[in-house]
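# Working through the structure, step by step
Here is how the chains run, residue by residue.
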Amino acid sequence: FLLCVSSRRSAFNDHWPHSALVPVGVGGAVLCWLLCGRRKKTIEMGDGWWGSGVRPQKNEDARVRPFHIEASEEDIKDLHQRLDRTRYVTPLEEAQFHYGFPGTELQKIVSYWRGEYDWGKQVETLNRYPHYKTTIEGLDVHFVHVKPPHLPPGQKAVPLLLVHGWPGSFYEFYRIIPLLTEPGKHGLDPKVTFEVICPSIPGYGFSEAPHKQGFDAVAAARIFYKLMLRLGFSQFYLQGGDWGSLITTTLSQMRPE
């Protein structure tokens, strides 16, 4: 991929991160040029509450809690039972996908999820990296946090926030995490080693969905900024794909009150 790093002073003054984008191909290079070269606007950071009910008077629980992904036998059995009750509609002849998902093709998908998909193996794969949750603005926010296993004395890892797109999840970054956290093992420059944080956008994956109307890219950016501060990072690089790029671009334009 092409890495574009902006060395401009960000809207959050000295305590806000330099912005980094990892676009792909020629289109990504053009996008990178537009974002890095244009004059940045600033957006009020503000605050929010997206939990259920009224915001409590006491301070929010700021603990970072380990999280382990599980798929119990009861959950899988329940899924199988619901798949077995699928009711198919006979598709129009030679209509392909022009009138929706054909019932014949849907049967193949259901058959795969019902009889072939290895849930145990997938859960094991997902738990390959450390997962955590923390409560921010009333929501339990899930994220993956991977630190470099080996760093030479005196070298510091560069914190990097990666935000997924739609439809997607933190898992879309799994293949590049080793390249970022252990670059020397993959023929890359070991002097540039990253500490990777991959959160789930609220409402996606294992992050709690907002309970209030109006949740947008500004709210997501603010939550992720608070997440990085909670993890001890006042300066960091960031990258996003699809909706994630909107969030990270918005995050780079925000300024605290």
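Residues numbered from 1 in each chain as written. Predicted model: local features only at pLDDT ≥ 70, side-chain atom pairs only at ≥ 80, totals over all residues. Heavy atoms only, no water.

Under an unreviewed UniProt entry, the name given to the protein chain is Epoxide hydrolase N-terminal domain-containing protein, and the organism recorded is Engystomops pustulosus.

Turning to the side chain of S207, a few remarks are in order. By the element assignment, S207 lies in the loop between β8 (194–199) and α6 (217–230). S207 sits in the buried class, given a relative accessible area of 6%. Only 2.8 Å separates the side chain of S207 from the backbone nitrogen of H142, close enough to count as a polar contact. Every residue in contact with S207, bar those within four places of it in the chain, is listed here: D140, V141, H142, S200, I201 and P202. (Helix = DSSP H or I, 4+ residues; strand = E, 2+ residues; numbered from the N terminus. Buried < 20%, exposed > 50% of the residue type's maximum accessible area, 1.4 Å probe, protein only. Polar contact = N/O pair within 3.5 Å; in protein donor to acceptor, adjacent residues only side chain to side chain. Contact = heavy atoms within 4.5 Å.)

It is worth spelling out the nonpolar core at this point. Ranked by size, the top nonpolar core spans 26 residues in total, and within it L161, I197, I223, F224, F236, I247 and L251 carry the most contacts. Put simply, the parts of the chain that give this core at least two residues each are β6 (139–146), β7 (158–163), α6 and α7 (243–253). Counting residues per element, this core draws most heavily on α6, at 9 residues. Excluding residues that lie within four positions of it along the chain, F224 makes contacts with V141, L161, V163, P199, S200, I201, P202, I247 and L251. (Core = buried A, V, L, I, M, F, W, Y, C linked by side-chain atoms within 4.5 Å.)

Before going further, it helps to spend a moment on the sheet that holds strand β4 (residues 65–67). Across the sheet, 6 strands lie side by side as β4-β5-β6-β8-β7-β9; this open sheet has mixed pairing. Only two strands of the sheet have a single partner each, and these edge strands are β4 and β9 (237–240). The mean inter-strand angle of the sheet, taken between neighbouring strand axes irrespective of direction, is 30 degrees. Bridge count between strand β5 (residues 131–136) and β6: 6 bridges; the pairing is antiparallel. Bridging from a neighbouring strand, K133 pairs with H142 of β6. Relative to β9, α7 is tilted by about 150 degrees, and along the sheet it contacts β7 and β9. (Pairing = 2+ DSSP bridges. Axes fitted to C-alpha atoms, helices over the stretch in contact; angles between N-to-C directions.)

The full count for this structure, using the stated rule, is 13 aromatic pairs. Judged by centre distance (5.9 Å) and plane angle (50 degrees), the rings of F170 and Y174 are tilted. Overall, F170 belongs to the buried group, its relative accessible area being 3%. Sitting over the ring of F67, K133 keeps its end group 4.5 Å from the ring centre. (Phe/Tyr/Trp six-rings, centres within 6.5 Å; stacked < 30°, edge-to-face > 60°. Lys NZ or Arg CZ within 6 Å of the ring centre and 35° of its normal.)

Position of D216 relative to the elements: it lies in the loop between β8 and α6. Sequence separation between D216 and I247 is 31 residues, and the spatial gap between their C-alpha atoms is 8.7 Å. A distance of 3.3 Å separates the side chain of D216 from the backbone nitrogen of V218, its partner in a polar contact.

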